[in-house]
Amino acid sequence: DAKTTQPPSMDCAEGRAANLPCNHSTISGNEYVYWYRQIHSQGPQYIIHGLKNNETNEMASLIITEDRKSSTLILPHATLRDTAVYYCIVSDYKLSFGAGTTVTVRA
Amino acid sequence: GAVVSQHPSWVICKSGTSVKIECRSLDFQATTMFWYRQFPKQSLMLMATSNEGSKATYEQGVEKDKFLINHASLTLSTLTVTSAHPEDSSFYICSARQTGAEDEKLFFGSGTQLSVL
């Protein structure tokens, strides 16, 4: 029973911003929103996480709606190396992965 | 960021043998580690939660006698696939949570590809 809903796939042009949506309408008050990505045959890589406020780090920005029922991961300048499966996860302890969004960055 | 080392990265074994996979947190202590399994073209599936000094907690449908987990120290957890069969062939991934970390994020190992002949 998935807690998040993500589009199965999306394409993005190299150098442009990639906006990845995630719906988590049943999120509870103590659950964080995490984003990870997985490049083929590797372990997941942490990107960013947040509770209520928007967050930014060297990899991405995370925008969380005020009601916390959805969020958007923003990769500001996508490169070919950003091609991966991106997972949005809500959790207060252990992380359960859904199907994720397969992002393909095209030159 | 924190580093989780997983070894071996790939292993091929004969049916009926046992295989041990190690997961180490290199620069932090991890009271809790998690083990996942991933089949081709599928997402990661949580197998069990490994707690230092106590028994692991297994997810529904995961055989605890088949997948033995030991978390004897704050930096090492091991997963042993006992009497492996071809259907156990999969990508196994561990992750660790830094003890006492406020933000609760997990760091993942690079995974172990197990092929059982």
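Here the structure is shown first, and the text comes after it.
Quick summary incoming for the structure in this document.

Rules behind the numbers
Residues numbered from 1 in each chain as written. Chains lettered and ligands numbered in written order. Predicted model: local features only at pLDDT ≥ 70, side-chain atom pairs only at ≥ 80, totals over all residues. Heavy atoms only, no water. Helix = DSSP H or I, 4+ residues; strand = E, 2+ residues; numbered from the N terminus. Rg over C-alpha atoms; globule rule 2.2 N^0.38 Å. Contact = heavy atoms within 4.5 Å. Areas by Shrake-Rupley, 256 points an atom, 1.4 Å probe, with all protein chains shown as cover. Lys, Arg positive; Asp, Glu negative; His and termini not counted. Charge placed at Lys NZ, Arg CZ, Asp CG, Glu CD. Salt bridge = Lys/Arg side-chain N within 4 Å of Asp/Glu carboxyl O. Buried < 20%, exposed > 50% of the residue type's maximum accessible area, 1.4 Å probe, protein only. Patch = residues over 30% accessible without salt bridge, like charges linked within 9 Å, V, L, I, M, F, W, Y side chains within 5 Å. Buried area = accessible area lost by both parts, 1.4 Å probe. Polar contact = N/O pair within 3.5 Å; in protein donor to acceptor, adjacent residues only side chain to side chain. Nonpolar A, V, L, I, M, F, W, Y, C, P; charged D, E, K, R; others polar. Phe/Tyr/Trp six-rings, centres within 6.5 Å; stacked < 30°, edge-to-face > 60°. Lys NZ or Arg CZ within 6 Å of the ring centre and 35° of its normal. Pairing = 2+ DSSP bridges. Axes fitted to C-alpha atoms, helices over the stretch in contact; angles between N-to-C directions.

## Notes on the overall build of chain A
The helix and strand inventory of chain A stands at 0 helices and 9 strands. If you list the helices and strands of chain A from N to C, you get β-β-β-β-β-β-β-β-β. Taking 2.2 N^0.38 as the reference for a compact globule, 107 residues should give roughly 13 Å; the C-alpha atoms of chain A span a radius of gyration of 13 Å, in line with that estimate. Principal-axis analysis of the C-alpha atoms places the extent of chain A at approximately 40 × 25 × 20 Å. Across chain A, every contact between residues at least 6 apart in sequence was considered, and the portion connecting residues at least 24 apart equals 53%. Within the structure as shown, chain A displays about 5600 Å² of accessible surface, and the carbon and sulfur contribution to it stands at 49%. With 9 positive and 10 negative side-chain charges, chain A shows a spacing of 2 Å between the two charge centroids.

## Here's the deal with the pattern of salt bridges
All names here are of chain A. In total, this model carries 6 salt bridges over all chains according to the counting rule given. A salt bridge links lysine 3 to glutamate 31; its shortest N-O distance comes to 2.5 Å. Residue lysine 3 is located in the segment before strand E1 (9–13), and its partner glutamate 31 is located in the loop between strand E2 (18–23) and strand E3 (32–38); the two are separated by 28 residues in the primary sequence. Classification of lysine 3 by relative accessible area gives partly exposed; the value is 41%.

## Points about a nonpolar patch on the surface
Residue and element names in this part refer to chain B. Nonpolar side chains collect at one region of the surface, where Trp10, Ile12 and Leu117 lie side by side and expose about 400 Å² of accessible area between them. Looking at where tryptophan 10 falls in the secondary structure, it is placed in strand E2 (residues 10–13). Accessibility expressed as a relative area gives 58% for tryptophan 10, which makes it exposed.

## Quick look at the interface of chain A and chain B
The partner chain B presents 21 residues to the 17 residues of chain A that form the contact. Carbon and sulfur atoms make up 54% of the surface buried where chain A meets chain B, a total of about 1500 Å² over both sides. In terms of surface lost to chain B, no three residues of chain A exceed Tyr93, Lys94 and Phe97 of chain A, which account for 33% of the buried area on that side. For the pair chain A and chain B, the number of links is 1 salt bridge. With a closest N to O distance of 2.8 Å, glutamate 59 of chain B and lysine 94 of chain A form a salt bridge. On the surface where chain A and chain B come into contact, there are 6 residue pairs in polar contact (both at pLDDT 80 or more). Looking at the side of chain A that touches chain B, the elements that each hand over two or more residues are E3 and strand E4 (45–50) of chain A. Broken down by element, the side of chain A that touches chain B gets its largest block of residues, 4 residues, from E3 of chain A. When its residues are assigned to classes, the side of chain A that touches chain B shows 10 nonpolar, 6 polar and 1 charged.

## Considerations on the packing of aromatic side chains
Both the distance between ring centres and the angle between the ring planes are used here to describe each pair of aromatic rings. Under the defined criterion, the tally for this structure stands at 12 aromatic pairs over all chains. Taking the centre distance of 5.0 Å and the plane angle of 85° together, the rings of tyrosine 87 of chain A and phenylalanine 97 of chain A count as edge-to-face. Pair noted here: tyrosine 87 of chain A is in strand E8 (residues 84–91) and phenylalanine 97 of chain A is in the loop between E8 and strand E9 (101–106), with a separation of 10 residues, a long-range link. Judged by relative accessible area, which is 2%, tyrosine 87 of chain A ranks as buried. Relative accessible area serves as the criterion here: at 11%, phenylalanine 97 of chain A is assigned to the buried category. The rings of Tyr32, Tyr34, Tyr36, Tyr46, Tyr87 and Phe97 of chain A together with Tyr36 and Phe108 of chain B are connected pair by pair, giving a single aromatic cluster. The lysine or arginine in question, lysine 105 of chain B, covers the ring of tyrosine 46 of chain A, its NZ or CZ lying 5.0 Å from the ring centre.

## Observations concerning the sheet that holds E4 of chain A
All names here are of chain A. Pairing within the open sheet is mixed, and its 5 strands lie in the order E1-E9-E8-E3-E4. The sheet is open, and its two edges are formed by E1 and E4, each paired on a single side. Adjacent strand axes in the sheet meet at a mean angle of 25° when their direction is disregarded. Note: E1 against E9, 5 bridges, orientation parallel. Across the sheet, residue alanine 13 finds its bridge partner in E9, namely arginine 106.

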